[in-house]
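Chain by chain, the residues run as shown.
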Amino acid sequence: MKLIDGRFAMIAGTGKYIPERVMKNSDFEKFLDTNDKWIVERTGIKERHLAGEDEKCSDLAFNAAVFALKDSGLAPEELDMVIVGTCSPDSAFPSVASKVQGRLGAVNAGAFDVHAGCTGSLAAMSAGIAGIACGMWDNVLVIGAEVFRDILDWTDRGTCILFGDGAGACVLSVSSEKKGRFTASKLMSDGTKHNYITLEGENRDDPHKVRMKGNDVFRFVNTALPVFIKDFCQDAGLTPNQVDFWVLHQANTRIIEGVFKRIGVSTEKTLINLENYGNTSAASMMITLDEAMKSGRIRSGEKVAFVAFGAGMTLGALLYEA
Ligand code: UT7
């Protein structure tokens, strides 16, 4: 873990976009051997949103970006970089970020996607913070966006019930005051477990679908994440309990409760919204950030930790002084 040196980055604005179409747990009962009770008890999820027929990842990303930009008060021309964390881009190339940059008219910005599973938007934020710290960029738009609708195997009840579509965004700007600044960052990968969550076909004719070893992921996260968080906090010079608020990747209520129990922190210090959205992968932490900011859960001067995990297996954390 490194404490962040150089110029500090602050959160200047946030936004989210959730597609209209709602899919409830009971909707799965029509075509799968599952039920609402099982899904709620094992995951905490009650419903998720799915992108409309014509909506792609870049559409969701663009809509969230418009809200975040408006919230920041910045004009598109003031952006230096657009970074999108996603596992479900419209295409392998061009990047989702380039499409958003073009549609926004962010004529002075570069653009690229970050591909780190559900940790993608945290990794994208880290890249943005680093670019600001070293003086390369002043204003960075970071987006987490996913459309899993087309990459799920809707016959795989252990996987398809988990995921949903959505997007969240934030604008990072160079912090002129001492308040509002990221102070620590840590990204980790255990690539020996790369086969836990994948999107790859068996052969050229095989459609690419999300495959997940749910139990392995569950076990890995419950053992590795508490240690990762404790180490992160220790290196940053505080205990997990000295963090005022936690912005988390939303995968499973049981995971959040289990990890918090292991680090000795009350879940009252976080916002859990996965009952409404399911796991929106790289979008989930950004959607949660927007909801936490807009509902006043993050107050000036508080210490806020961001934590995500996902395919790779990847883990990531950031510390922010609001
Ligand atoms: O962003 C990271 C993404 N991934 C994750 O976070 C996933 C982490 N893993 C999990 O959240 C959990 O492992 C799952 C929710 C995926 C599964 O929950 P579980 O409590 O670990 O269940 P299980 O896989 O051990 O399955 C228990 C039983 C099995 O039946 P048998 O073999 O005991 O008869 C499954 O076949 O539940 C069955 N099952 C289901 N039953 C009803 C699996 N999926 C379903 C379902 N409805 N949707």
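Refer to the preceding data block for the structure.
So, a few notes on the structure that sits alongside this text.

## As for the site of the ligand
- If you check the shell around the ligand, you find 22 residues, and the closest are T34, R42, N215, H249 and N252.
- Here a nitrogen atom of the ligand sits 3.0 Å away from a polar atom, N or O, in the main chain of G214.
- Interatomic distance of 2.8 Å between a side-chain N/O atom of H249 and an oxygen atom of the ligand.
- For the ligand, the protein covers 73% of the area, taking 950 Å² as the surface of the free molecule.
- Going through the elements one at a time, α2 (36-43), α6 (214-236) and α7 (253-263) are the ones with two or more residues in the shell around the ligand.
- The dominant element in the shell around the ligand, judged by the number of residues it contributes, is α6, at four residues.
- Class assignment for the residues of the shell around the ligand results in ten nonpolar, eight polar and four charged.

## With respect to the environment of V114
- Position of V114 among the secondary structure elements: in strand β6 (residues 110-114).
- Take V114: its relative accessible area is 13%, and that puts it in the buried class.
- Between the alpha carbons of V114 and G144 there is a distance of 9.4 Å; along the sequence they are 30 residues apart.

## Structural notes on the packing of aromatic side chains
- Considering all chains together, one arrives at six aromatic pairs under this definition.
- Taking 6.0 Å as the distance between ring centres and 25° as the angle between the ring planes, the aromatic pair formed by F28 and W154 counts as stacked. Pair noted here: F28 is in helix α1 (residues 25-28) and W154 is in the loop between β7 (139-146) and β8 (166-174), with a separation of 126 residues, a long-range link.
- Between W246 and F260 the ring centres are 5.5 Å apart and the planes differ by 70°, which places this aromatic pair in the edge-to-face class. Here W246, found in strand β12 (residues 245-248), pairs with F260, found in helix α7; they are 14 residues apart in sequence, far enough to count as distant.
- A residue is classified by how much of its surface remains accessible, and W246, at 1% relative accessible area, is buried.
- Members of the aromatic cluster, connected to one another through ring pairs, are F28, F31 and W154.
- One cation-aromatic arrangement involves R103 over F62; the distance from NZ or CZ to the ring centre is 4.0 Å.
- Sitting over the face of the ring of F8, R181 holds its NZ or CZ atom 4.5 Å from the ring centroid.

What counts as what
- Residues numbered from 1 in each chain as written.
- Predicted model: local features only at pLDDT ≥ 70, side-chain atom pairs only at ≥ 80, totals over all residues.
- Heavy atoms only, no water.
- Near = heavy atom within 4 Å.
- Polar contact = N/O pair within 3.5 Å; in protein donor to acceptor, adjacent residues only side chain to side chain.
- Areas by Shrake-Rupley, 256 points an atom, 1.4 Å probe, with all protein chains shown as cover.
- Helix = DSSP H or I, 4+ residues; strand = E, 2+ residues; numbered from the N terminus.
- Nonpolar A, V, L, I, M, F, W, Y, C, P; charged D, E, K, R; others polar.
- Buried < 20%, exposed > 50% of the residue type's maximum accessible area, 1.4 Å probe, protein only.
- Phe/Tyr/Trp six-rings, centres within 6.5 Å; stacked < 30°, edge-to-face > 60°.
- Lys NZ or Arg CZ within 6 Å of the ring centre and 35° of its normal.

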